[in-house]
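Each chain, letter by letter, is given below.
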Amino acid sequence: MRTRLCRVVLAVLLTVVCGIEADAKPAPKFALFNADGKLVTSSALYGKGNTIVSFWATYCVPCKKEIPQLVELQRKHGEARKLALVFVNIDKEGKDKALPVLKELGVENECLYDMYQLTAKKYIPDLKIPAVFLIDRRGEIVFQAVGESAETMRLLEKAIEGLK
């Protein structure tokens, strides 16, 4: 009983302090362009399996720290959990500013560009980044973390391990 109470208190604190939530809810739909100018829709992404969506910007130092960690999580769990990783850049300058940063970080994952931040505002109304969302194959958000937190990667990995 005491352990369960501690878990509940911890979940509430993480939700309030870090913006981390555990309840599944439908992921907002979107259509964004990738670096090749191809339109990518959320339904096409989420229909293939589980997806990590990370909102980031080139000026965000915590985002640049988080990106390699996300790539490593996807490498570790991608095949077993049918897990894709997609970055959504919210810089107003678009891919011209973002691509050199991704290249510098050694990232080869898909990046979508949300220059007007319309999609980002659906997921994170206050545009606080970094923001990472785990979306299951049904298109539901099963984990989210908004803002910088030392616990994000550990909690995200636990959520990934809980996927079917």
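Fair warning: this is a prediction, and the values are worked out from it, not measured in the lab.

### A closer look at helix α4 (residues 95-105)
And step 1. Of all the positions in α4, only Ala-98, Val-101 and Leu-102 are classed as buried. All buried residues of α4 project into a common sector of 100 degrees when viewed along the axis, lining one side. Exposed residues on α4 whose side chains face more than 90 degrees from its buried face are Asp-96, Lys-103 and Glu-104.
And step 2. Looking at the packing, one finds that the buried side of α4 touches β4 (50-56), α3 (61-81), β5 (83-89) and β6 (110-113).
And step 3. Directly beyond the C-terminal end of α4, a positive phi value near 75 degrees is found at Gly-106.

### Some details on the packing of α3 against helix α6 (residues 152-161)
And step 1. Following both chains from N to C, one finds α3 and α6 inclined at 15 degrees, their axes separated by 11 Å at the closest point. By the criterion of interaxial angle, the relationship of α3 to α6 is roughly parallel. The handedness of the crossing between α3 and α6 is right-handed. Contacts from Glu-66, Gln-69, Leu-70, Leu-73, Lys-76, His-77 and Arg-81 in α3 reach Thr-152, Met-153, Leu-156, Glu-157, Ile-160 and Glu-161 in α6.

### With respect to the environment of Phe-33
And step 1. Inspection of the secondary structure assignment puts Phe-33 in strand β2 (residues 31-34).
And step 2. For the pair Phe-33 and Leu-112, spaced 79 residues apart in the sequence, the C-alpha separation amounts to 5.6 Å.
And step 3. Once you skip the residues sitting within four places of it in the chain, Phe-33 turns out to touch Lys-38, Leu-39, Cys-111, Leu-112 and Tyr-113.

### Examining the pattern of salt bridges
And step 1. Tallied over the entire structure, the rule returns four salt bridges.
And step 2. A salt bridge links Glu-157 to Lys-76, with the shortest nitrogen-to-oxygen separation between them at 2.6 Å. Here Lys-76 lies in helix α3 and Glu-157 lies in helix α6, a separation of 81 residues in the sequence.
And step 3. Assessed through its relative accessible area of 18%, Glu-157 is described here as buried.
And step 4. Residues Glu-140 and Arg-138 are paired through a salt bridge, measuring 3.1 Å at the closest nitrogen-oxygen approach.
And step 5. Among the residues examined, Glu-140 registers a relative accessible area of 25% and is labelled partly exposed.

### Some details on unusual backbone geometry
And step 1. Residue Pro-130 is reached from Ile-129 by a cis peptide bond, and omega for that bond is 0 degrees.
And step 2. Mapped onto the elements of the fold, Pro-130 is located in the loop between α5 (118-123) and β7 (131-135).
And step 3. The phi dihedral of Lys-82 falls on the positive side, at around 45 degrees, and the residue is not glycine.
And step 4. In this structure, Leu-127 takes a positive phi of about 60 degrees despite not being glycine.
And step 5. Looking at the element boundaries, Leu-127 is found in the loop between α5 and β7.

### Observations regarding the packing of aromatic side chains
And step 1. Scanning all chains against the criterion turns up five aromatic pairs.
And step 2. Between the aromatic rings of Phe-55 and Tyr-123, the centroid separation amounts to 5.2 Å while the plane-to-plane angle is 45 degrees, which identifies the pairing as tilted. You can see Phe-55 sitting in strand β4 and its partner Tyr-123 sitting in helix α5, a full 68 residues away along the chain. Grouping residues by exposure puts Phe-55 and Tyr-123 together as buried.
And step 3. Aromatic ring contacts, followed pair by pair, group Phe-30, Tyr-46, Phe-55, Tyr-123 and Phe-133 into a single cluster.

### As for the state of the cysteines
And step 1. By the definition in use, this model includes one disulfide.
And step 2. In this model Cys-60 forms its disulfide with Cys-63; the gap between the sulfur atoms is 2.3 Å. Here the disulfide of Cys-60 and Cys-63 is right-handed, its torsion about the S-S bond being about 80 degrees.
And step 3. On the basis of relative accessible area, Cys-60 is assigned to the buried category, the value being 7%.

Cut-offs and rules
Residues numbered from 1 in each chain as written. Predicted model: local features only at pLDDT ≥ 70, side-chain atom pairs only at ≥ 80, totals over all residues. Heavy atoms only, no water. Buried < 20%, exposed > 50% of the residue type's maximum accessible area, 1.4 Å probe, protein only. Helix = DSSP H or I, 4+ residues; strand = E, 2+ residues; numbered from the N terminus. Arc of directions from axis to C-beta. Contact = heavy atoms within 4.5 Å. Axes fitted to C-alpha atoms, helices over the stretch in contact; angles between N-to-C directions. Parallel < 35°, antiparallel > 145°, perpendicular 65-115°, else oblique. Left-handed = near helix turned anticlockwise from the far one by under 90°. Salt bridge = Lys/Arg side-chain N within 4 Å of Asp/Glu carboxyl O. Phe/Tyr/Trp six-rings, centres within 6.5 Å; stacked < 30°, edge-to-face > 60°. Disulfide = S-S within 2.5 Å.

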